[in-house]
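Descriptive analysis of the structure
The lines below spell out each chain.
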2 protein chains.
Amino acid sequence: MSIPISGFSKKSKQEKIDWLVSHYFDNDPTVYKTLQLYWNSDKELQRLHDDFTENAISNYYLPFSIAPNFLINDSLYALPMVIEESSVVAAASNAAKFWMKRGGFKAEVLGTLKSGQVHFDYYGSRNALQKYFIDSKPGLLASVESLQRNMKKRGGGLKDIVLVDKTEELPGYYQLHCTFETADAMGANFINSCLENIATTFENAAMDSEYFADDDKRPEVVLSILSNYVPDCLVEASVKCRIDELMKTKEDSVKFAGDFVRAVEIASVDKQRAVTHNKGIMNGVDAVVLASGNDFRAVEAGVHAYAARTGRYSSLTSAKTDGEFFHFGIKIPLALGTVGGLTRLHPMVKLALQLLKQPSAEDLMKIAAVAGLAQNFAAIRSLVTTGIQKGHMKMHLMNILNQLNATSAEKAETIRHFQSETASHSAVSAFLEQLRS
Amino acid sequence: MSIPISGFSKKSKQEKIDWLVSHYFDNDPTVYKTLQLYWNSDKELQRLHDDFTENAISNYYLPFSIAPNFLINDSLYALPMVIEESSVVAAASNAAKFWMKRGGFKAEVLGTLKSGQVHFDYYGSRNALQKYFIDSKPGLLASVESLQRNMKKRGGGLKDIVLVDKTEELPGYYQLHCTFETADAMGANFINSCLENIATTFENAAMDSEYFADDDKRPEVVLSILSNYVPDCLVEASVKCRIDELMKTKEDSVKFAGDFVRAVEIASVDKQRAVTHNKGIMNGVDAVVLASGNDFRAVEAGVHAYAARTGRYSSLTSAKTDGEFFHFGIKIPLALGTVGGLTRLHPMVKLALQLLKQPSAEDLMKIAAVAGLAQNFAAIRSLVTTGIQKGHMKMHLMNILNQLNATSAEKAETIRHFQSETASHSAVSAFLEQLRS
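Quick caveat: nothing in here was measured; it's all calculated off a predicted structure. (Residues numbered from 1 in each chain as written. Chains lettered and ligands numbered in written order. Predicted model: local features only at pLDDT ≥ 70, side-chain atom pairs only at ≥ 80, totals over all residues. Heavy atoms only, no water.)

Thoughts on the overall build of chain A
Along the backbone of chain A there are 15 helices and ten strands. In terms of principal-axis extent, the alpha carbons of chain A reach across some 90 × 70 × 40 Å. Each of the 437 residues in chain A was classed as buried or not, and the buried ones make up 62%. Excluding contacts between residues fewer than 6 apart, the proportion of contacts in chain A whose partners are at least 24 apart in sequence is 69%. On chain A, roughly 16,700 Å² of surface is accessible, and the fraction owed to carbon and sulfur atoms is 48%. (Helix = DSSP H or I, 4+ residues; strand = E, 2+ residues; numbered from the N terminus. Buried < 20%, exposed > 50% of the residue type's maximum accessible area, 1.4 Å probe, protein only. Contact = heavy atoms within 4.5 Å. Areas by Shrake-Rupley, 256 points an atom, 1.4 Å probe, with all protein chains shown as cover.)

Description of the domain arrangement of chain A
Splitting chain A by domain gives domain 1 (8-50), domain 2 (83-110 + 232-385), domain 3 (114-226) and domain 4 (391-436). Summarising the inter-unit geometry, the C-alpha centres of domain 1 of chain A and domain 3 of chain A are found 45 Å apart. (Domains from an automatic or database assignment.)

Remarks on the packing of aromatic side chains
Tallied over the full model, the rule gives 46 aromatic pairs over all chains. Here the aromatic rings of Phe 8 of chain B and Trp 19 of chain B are separated by 5.6 Å at their centres, their planes lie at 65°, and the arrangement is edge-to-face. Of this pair, Phe 8 of chain B sits in the segment before helix H1 (13-24) while Trp 19 of chain B sits in helix H1, placing them eleven residues apart in sequence. A relative accessible area of 10% means that Trp 19 of chain B is categorised as buried. Ring centres of Tyr 122 of chain B and Phe 212 of chain B lie 5.5 Å apart, and the angle between their planes is 70°; on these two criteria the pair is classed as edge-to-face. In this pair, Tyr 122 of chain B is assigned in the loop between strand S4 (114-121) and helix H5 (126-142) and Phe 212 of chain B in the loop between helix H7 (188-207) and strand S7 (220-226), connecting sequence segments 90 residues apart. Accessibility classification places Tyr 122 of chain B together with Phe 212 of chain B in one group, the buried group. Linked through ring pairs, Phe 98, Trp 99, Phe 256, Phe 260, Phe 326, Phe 328 and Phe 377 of chain A together constitute an aromatic cluster. Just above the ring of Tyr 306 of chain A sits the side chain of Arg 309 of chain A; from NZ or CZ to the centre is 3.8 Å. (Phe/Tyr/Trp six-rings, centres within 6.5 Å; stacked < 30°, edge-to-face > 60°. Lys NZ or Arg CZ within 6 Å of the ring centre and 35° of its normal.)

Describing the packing of helix H9 (residues 271-291) of chain A against helix H10 (residues 296-307) of chain A
Residue and element names in this part refer to chain A. Where H9 contacts H10, the two axes come as close as 10 Å, and the packing angle between them is 150°. With respect to each other, H9 and H10 are oriented roughly antiparallel. You can see that H9 and H10 cross each other, and the crossing is right-handed. Together, Asn 278, Met 282, Val 285, Asp 286, Val 289 and Leu 290 of H9 and Phe 296, Val 299, Glu 300, Val 303, His 304 and Ala 307 of H10 make up the contact between the two elements. The residue makeup of the contact of H9 with H10, split by class, is eight nonpolar, two polar and two charged. (Axes fitted to C-alpha atoms, helices over the stretch in contact; angles between N-to-C directions. Parallel < 35°, antiparallel > 145°, perpendicular 65-115°, else oblique. Left-handed = near helix turned anticlockwise from the far one by under 90°. Nonpolar A, V, L, I, M, F, W, Y, C, P; charged D, E, K, R; others polar.)

Considering the pairing of strand S7 (residues 220-226) of chain A
All names here are of chain A. Judged by how many residues are buried, S7 sits mostly within the fold: five of seven residues are covered. The pairing of strand S4 (residues 114-121) with S7 spans six bridges and is antiparallel. Bridge pairing links Gly 116 to Leu 226 in S7. (Pairing = 2+ DSSP bridges.)

Side note on the interface of chain A and chain B
At the interface, 145 residues of chain A touch 144 residues of chain B. The largest contributions to the chain A side of the interface with chain B come from Tyr 60, Tyr 61 and Arg 297 of chain A, which together make up 7% of the buried area. Here chain A and chain B share twelve salt bridges between them. Close ionic contact of Lys 411 of chain A with Asp 51 of chain B constitutes a salt bridge, the shortest N to O distance being 3.6 Å. Counting the contacts that link chain A with chain B gives 60 residue pairs in polar contact (both at pLDDT 80 or more). Top contributing element to the side of chain A that touches chain B by residue count: strand S1 (residues 56-72) of chain A, with 13 residues. When grouped by side-chain class, the residues that make up the side of chain A that touches chain B number 67 nonpolar, 48 polar and 30 charged. Here S1 of chain A pairs with strand S1 (residues 56-72) of chain B via nine bridges, running antiparallel. Considered in S1 of chain B, the bridge of Asn 59 of chain A is made with Pro 63 of chain B. (Buried area = accessible area lost by both parts, 1.4 Å probe. Salt bridge = Lys/Arg side-chain N within 4 Å of Asp/Glu carboxyl O. Polar contact = N/O pair within 3.5 Å; in protein donor to acceptor, adjacent residues only side chain to side chain.)

Some points on the packing of helix H14 (residues 408-417) of chain B against helix H15 (residues 425-436) of chain B
Residues and elements named next belong to chain B. Running from amino to carboxyl end, H14 crosses H15 at an angle of 125°, the nearest separation of the two axes being 11 Å. For the element pair H14 / H15, the angle class is oblique. As for the relative orientation of H14 and H15, their crossing is right-handed in sense. In contact with Glu 410, Glu 413, Thr 414 and His 417 of H14, H15 contributes Val 428, Phe 431, Leu 432, Leu 435 and Arg 436. Residue composition of the contact of H14 with H15, grouped by class: four nonpolar, two polar and three charged.

Quick look at the nonpolar core
If you look at the biggest cluster of nonpolar residues, it comprises 294 residues, and the most contacted ones within it are Phe 70, Leu 176 and Leu 334 of chain A together with Phe 70, Leu 176 and Leu 334 of chain B. When near neighbours in sequence (up to four residues on either side) are disregarded, Leu 334 of chain A contacts Val 230, Cys 233, Val 235, Val 285, Val 299, Val 303, Met 365, Ala 368 and Ala 369 of chain A. (Core = buried A, V, L, I, M, F, W, Y, C linked by side-chain atoms within 4.5 Å.)

Here it is as structure tokens:
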């Protein structure tokens, strides 16, 4: 029976599992077996993973896969991709190979500036606040010196603090808008620690400031935190080739280029399509983000908010034909790190970064953007030619077959059969039943 | 040396690894060791995971953790959470316990309708198209009958098809907007298969239709696909308590409620804050989405686009005080499944769904929304009281200590020391060095 529990986090892993199995699994012995089956046989390594977060009782597997043949700025990569969706790696690999033969991907980082805000309330004179800010700014900058010593050595640090009047949006609401460079770190901990120091300094010094005569009208900090909206931490990637290189015949190439450009135009004007279009891009981006130990929620939030920056949620990629040429490109904000966080801690992340030739944060931004562009190319190519289901179901079919415990011979037979049929779960199940009878 | 490769996907897993190690890892023998260390010792089980996607060479671990004490609609849950960010599970657990003592979470599904579109071009008479659509609609509906036989048994299926004129947004652009119920399946494969049938039927019948006299002016399908924008597949969750129950003293409670509501107001008006605020919500949502074998990219895209639906990207949660009461709630679109996809295939997903009492898709929507609301509550509570870094660094500190190979005794000593100090990587490293010397 489900009952409340106190002090769960303080129990040992075994005690946690015992409690769960007795209260949520009706003492089902297979639960122990499954949890243990997913523990690493190396106890030291398992302990490391158990310490990643609170109340960990086992490991969740995502496939660690490889998409080879990514030619990016004339350098060849095999991308580590961590993703459960069955068709993503195949699609990325196909797109990579296609573009490797047509000059590869070009990628460029347009900026790496991040920001955080001290959000505060203030109901006094704007003039007094402005003066107080100017006076206190050197002290605010100084308040992060000890925190940023190492970051400065790596070329990063707090860049500037500006006072922003947000009272038109919300009465009494102001910000200290702080900008940062964080070198090869994603920088969340660094930025948050800096902001908290700045906030405390700003609020405390206001206590003694002559600018605020009336006690009720001093600035009061509500909260301080980095922003995952990073429109100035931006990367672009693109491909380009002659239109007649797109397909086997000139006629097919022209038709394909036209359909492709039209599909991207549709994703630019229609929100329903744009969301799915961008979701496909993120299949590629997130697979690299996960493999490299970065935080996909931060990336997702920043990217989709950027897609909505004009007030209309729209495509993150753009395509055009220009004389004899076909162009396809992406521009997305990506705050990524290759030091800090899990990057030096998770052995599979270390391996992924080694595979990527120990990239800088900027290198990783380029690689992830390219993965997103490749994914989008593959998706649109399928959509405007064979339809999305054909490629998708090929991989999905294997999952259905495994679920139905198909033998190797049954798998081969079923795959052959469904080359020309729609492979729904029930159709596969029916076919298999027929095979078996 | 990095070189292109043909037929990579057709190689065996061992051949893939051999090729990678020789061309990307300079024959580093530790790479074999690491990849193998992450294989499951049960070969059958490993084969299952290898088949999830193309070119899988090992498993990527994310911690599978438990957040107990979630009281949702008077039923108690322990949530399975899959997430690498160190502070998320602790925050969720704290929020769950807090609200368990104050009546728990209420959650309600407001709708489960999903949609997909056949996007097509047409440059002829609108009147002719409208007539053709009305005539062909019965045939379009009939074209999915065999596909939806099983779905109908489960109460789902294609609900309607409407013709949408999008030519104001893009000349010549129209849609068949199709709505679906997909019962306990997320439904992507079902919807896409239906749409492709509808598209083919629509286009083919147009060939013979008398409505289109001129061959150049027949509808031409560009692409057909489901939408991950699901504003009608919506769930809301909320908590409520007397203001004076929030903190130990009445004075602290009133201050806390005011600061909390203000923090949510800020996230409603300021995009920089809203993105991070919603990112924190998704920490909770995605942890449940991953544990339950659902597609977090689809969820992320749908949720953030919904956050931008008014044209201004804004908070997904809202808070208010109302007389003696404090209210806090969330409303988000979530297209989730508890059948299909990985849900019956991944043993840890099966275990997660068993822990959640074999939820329907609607149950899972409620649980994931509650996880998001809990996460947001914990984040805002930290932000408006101690600051985000204190709780965050507590878990992060353990990761730093593991990275620096600290012994148990060193860990205990360091944790004690950093209870009152900011635990940056360099500060921890310096303290540990001092301990060791």
